[in-house]
Amino acid sequence: MGIDRRTFIQLVTGGVVGSLFTPVIWKSLDDAAIWSQNWSWIPRLKYGQITEQATISKFGPSPCSLMVKSVAGSPYVAKGNADNEMSKGGVDAISAGGAQLLYSPSRVKGPMKKVADGKYESISWDDAEKMLSKKLSAVKGQAGKLAIVSGDATGTSTEVLSAFAAGMGSNDCYLMPGDEQAAAVALENMGGSGQIGYDLENSDFVLLIGADAMNSWGSVVRNQRVYADNRPTGGDIESVYVYAGPFLNSTAAISDKWIPVAPGTGAIFSLGLAYHMLNAGASASVADFADFKTLVMSRFTPDKVEKAIGVAPGVMAGLAKQLMSASAPLVISGSEFGQGAGAVDIIAASALNMLLGRVGEKGGMKLLAELPLAVDSAVSRAELSSRDFAGYLAAVATDKVKAPEVMMAYEANPVYAMPQATTMAAAIAKVPFLVSFSTWMDETASTADLIMPNPHSFERFDDAQTPYGVGTAMLSACAPVIEPLYNGKSTVDVILGVASGLGIDLGYESVEAVLQAKAEKAGADWDSLVEGAAYVSDSTESGSLKFAASVLSKAVIMPKGGEIALAPYAKLNVGSSTMAIPPLNCVTVSKFELQGKDLFVQINGKTAKKLNASEGSKVKLAGAGGECVARVHINEGVMNDVIAAPLGFGHTAWDEFSRGKGDNISKILTVGTEPGTGMAVWTSSFVSVA
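In this convention, every chain numbers its residues from 1, walking through the sequence in written order. Predicted model: local features are reported for residues with pLDDT of at least 70 only, side-chain atom pairs are reported and counted for 80 or more only, and whole-chain, interface and lining totals are derived from all residues. As a rule here, side-chain values cover all heavy atoms of the structure and leave hydrogens and water aside.

(A) Structural view of the environment of Cys586. For helices the rule is a DSSP run of H or I covering at least 4 residues; for strands it is a run of E covering at least 2, with both sets numbered from the N terminus onward. Mapping Cys586 onto the fold places it in the loop between strand S20 (564-569) and strand S21 (594-595). When its relative accessible area of 27% is taken as the criterion, Cys586 is described as partly exposed. Any two residues whose heavy atoms approach within 4.5 Å are treated as being in contact. Once residues lying within four places of it in the same chain are set aside, the contact partners of Cys586 are Ile581 and Phe657. Per-residue accessibility, obtained with a 1.4 Å probe over protein chains only, is compared with the maximum for each type, and a residue is labelled buried under 20%, exposed over 50%, and partly exposed between these values.

Dropping the structure here:
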């Protein structure tokens, strides 16, 4: 019997209707749904008591005070701690994902040693500590054989490391580069003591020279909160902001006025303003005032300054008048990307504050007293901050200084984050035994001979004292929010144990005891600190500053002009010198900074025409230490002959969210030596473009 069209439709319809009414299909679908819910890899909600605990995170360049919410003991969200003065309730773009970073694929899950084929083998903590002790025992008491670098400028942990270095007979304990180094060297040359701070809260006119306060200078989150408090939406504006820098960055964008000034010329800009102030009768009762005035009035006249940095005399005169007529003006200078500036930039800006009578005043520049040391044999923060790690590594690279036998990196990733990165990485490669205490498998850890992972910020005791840039001395501390997920161990506990075995008495047996002693010596209540409060001290240093005219005379050099200047910038959403791009932040990366694996740099139309470049074209940037490849984005917010380039890309380690994305601009920074102070500087980096 044949099947005609009518019969075919009847059969199909009957089949569909029959399927709908039979329970077999629906039962099978229900069973499949129940079965798939039991797959082991499917995330499951955790039920239990919701708790909230204070902590501090150190993912960015400045510590951030947080409140962490947990369910059944597992953190799931972090927010700012409004009761803590250190970050005033704000939270940075990395710390916001702190709970998720507990489970980052980049975490080092336990101690490891490098084996013959360059891979890593897990070992026990006992074996790791014996291995480290053996290497250190062989160099104890020998100067130049041990070097330590810390990326934590605010923690008492670094005090312990500096005391340990001293006990080993080493003077080579350093901090990773930052604006604090330039400030420390500047203060030393001006005859001051303590730590330079700035009372942003109480200033009614803030001039930022280079310092990108909304992205990379000082305590960024706190700066943002102060700005918001002083300029509430719809409310009265209590503070005027002016930014002088090479392109329209976040700080320039929120300021009342942006004055284009090339990278590395901040000191000339400041001294150009000083000319107009002196001309208007500004003075200061300082020993070298006459020398300073002679220097400024002869070498930084309006025509010379305009020729050097392109700022018209009328603009400079107008700004000087605004500063002198404000009730509480404040001048801050720093690098556009949080590192590499010279001490003279700080000295010149400080000179303006001195001419304005704003040193030690409410809303002005402060000389903050250091909190007492917890470990008696530790190096003071001022001395540690002034030490020059970039200069040290550059000397190792050129064999002017012999490489140490052992180098230890704590909360630091120098293989990636140092200027002229390839050269510096080669210097570190000369070290026979490199130890990383990193929580993450970063570039330094991935080349180390021994990895001894420090727990995540939420898993450990820690503290933070007086971040650079704040206006008062302060201290915060935290206890673990969660038990360690992996086999990490506090670096301080490791060092205390190893030191004891080597016969070096640091006075404590645990990290908690060290931090409690720090709080006690500072006059703070430990219990209040770990509950989220900050200890704040109004103590400042006495004594006057000098202009350091002799240093300014040697160090401030007028630019030759005609070159293409590099203006790197840092944004916390793409990480910091110790963190790569957090996985959750990938969606926040601008298409004008990264597309696929291509890095983008920004230049204006006039510069693009000069370089024969156009939107999207590929260029090769070459500096003293290497090359980078990038595509061009035309942005009229960049001044002439300047290339604005984002830091934080081009990782070769970490995870799939960061590795191989873009290029590392640090490779093409050029490290030079500042005349007059001898410190390494790299804000005046120039590039060739092909």
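(B) Examining the sheet that holds strand S4 (residues 112-114) more closely. Two strands pair if DSSP finds at least two bridges between them. Pairing is mixed in the open sheet, where seven strands are placed in the order S5-S4-S16-S15-S14-S6-S7. At either end of the open sheet lies a strand with only one pairing partner, and these are strand S5 (120-122) and strand S7 (173-175). As judged from the two bridges shared by S4 and strand S16 (residues 450-451), these two strands associate in the antiparallel manner. Within S16, the residue paired with Met112 across the bridge is Ile451. Here helix H15 (residues 389-397) sits on the sheet and contacts strand S6 (146-150), S7 and strand S14 (406-410); the angle it forms with S7, its principal contact strand, is near 120°. In this analysis an axis means a line fitted to C-alpha atoms, helices contributing only their contacting stretch, and an angle means the value between N-to-C directions, from 0 to 180 degrees.

(C) Summary view of the pairing of strand S2 (residues 64-71). Counting buried positions over the eight residues of S2 gives seven, a clear majority of the element. Note: strand S1 (residues 50-57) against S2, eight bridges, orientation antiparallel. Paired with Ala54 across the bridge in S2 is Met67. Linkage of S1 to S2, two consecutive antiparallel strands, is achieved through a turn of six residues. Across six bridges, the pairing between S2 and strand S3 (residues 74-80) is antiparallel. Across the sheet, residue Val71 finds its bridge partner in S3, namely Ser74. Connecting the antiparallel pair S2 and S3 is a turn made up of two residues, with Ala72 showing a positive phi of about 50°.

(D) Inspection of the state of the cysteines at higher detail. The criterion for a disulfide is a pair of cysteine sulfur atoms lying within 2.5 Å. Within the structure shown, the criterion is met by zero disulfides. Between Cys478, a free cysteine, and Cys64, which holds the nearest cysteine sulfur, the sulfur-to-sulfur gap is 12 Å. Cys478 gets classed as buried once you look at its relative accessible area, which sits at 0%. Of the cysteine sulfurs around Cys586, a residue in no disulfide, the closest is that of Cys628, at 20 Å.

(E) Here's a closer look at the packing of aromatic side chains. Note on aromatic pairs: the rings of Phe, Tyr and Trp (six-membered ring only in Trp) are paired at centre separations within 6.5 Å, and the planes decide the class, stacked below 30 degrees, edge-to-face beyond 60, tilted for the rest. If you walk through the whole model with that rule in mind, you get 13 aromatic pairs. Within the aromatic cluster, the residues linked to one another by ring pairs are Phe59, Trp440, Phe458 and Trp654. A ring has a charge above it when a Lys NZ or an Arg CZ is no more than 6 Å from the ring centre and no more than 35 degrees off the ring normal. Over the ring of Tyr486 we find Lys109; its NZ or CZ atom is 4.9 Å from the centre of that ring.

(F) A look at the nonpolar core. We define the nonpolar core as a collection of buried residues of types Ala, Val, Leu, Ile, Met, Phe, Trp, Tyr and Cys that are connected through side-chain atoms lying within 4.5 Å of one another. The biggest cluster of nonpolar side chains holds 80 residues, and the ones touching the most others in it are Phe269 and Phe292. Per-element tally for this core: the top contributor is helix H13 (residues 343-355), with 10 residues. Those residues in contact with Phe269, other than ones at most four positions away along the chain, are Leu207, Ile209, Ala244, Ile259, Val261, Ile309, Val311, Met316 and Leu319. Val431, Ile564, Leu599 and Cys628 belong to the second-largest nonpolar core, a separate cluster that totals 55 residues.

(G) Region of the structure containing the sheet that holds S2. Read across the open sheet, the three strands follow the order S1-S2-S3; overall the sheet is antiparallel. Either end of the sheet is taken by a strand with one partner, and the two such strands are S1 and S3. Taken pair by pair, the neighbouring strands of this sheet meet at an average axis angle of 30°, ignoring direction.

(H) Structural view of the side chain of Asn223. Within the fold, Asn223 resides in helix H7 (residues 220-230). A distance of 3.1 Å separates a polar side-chain atom of Asn223 from the backbone oxygen of Ala213. A 3.5 Å cut-off defines polar contacts: any pair of N or O atoms within that distance qualifies, except that in protein one atom must be a possible hydrogen donor and the other a possible acceptor, and neighbouring residues in sequence count only when both atoms are side-chain atoms.

(I) Highlighting the packing of helix H9 (residues 266-279) against H13. Orientation of H9 relative to H13, taken along the N-to-C sense of each, is 20°, at an axis distance of 8 Å. The angle between the axes of H9 and H13 places the two elements in the roughly parallel class. Crossing geometry of H9 relative to H13 is assigned as left-handed. Judged by residue contacts, Gly266, Ala267, Ser270, Leu271, Leu273, Ala274, Met277 and Leu278 of H9 engage Val344, Asp345, Ala348, Ala349, Leu352 and Leu355 from H13. Amino acid classes used here: Ala, Val, Leu, Ile, Met, Phe, Trp, Tyr, Cys and Pro are nonpolar; Asp, Glu, Lys and Arg are charged; the rest, including Gly, are polar. The class makeup of the residues in the contact of H9 with H13 is 11 nonpolar, two polar and one charged. Angles below 35 degrees are treated as roughly parallel, those above 145 as roughly antiparallel, those between 65 and 115 as roughly perpendicular, and all remaining angles as oblique. By definition, turning the near helix anticlockwise from the far helix through less than a right angle yields a left-handed crossing, and turning it clockwise yields a right-handed one.

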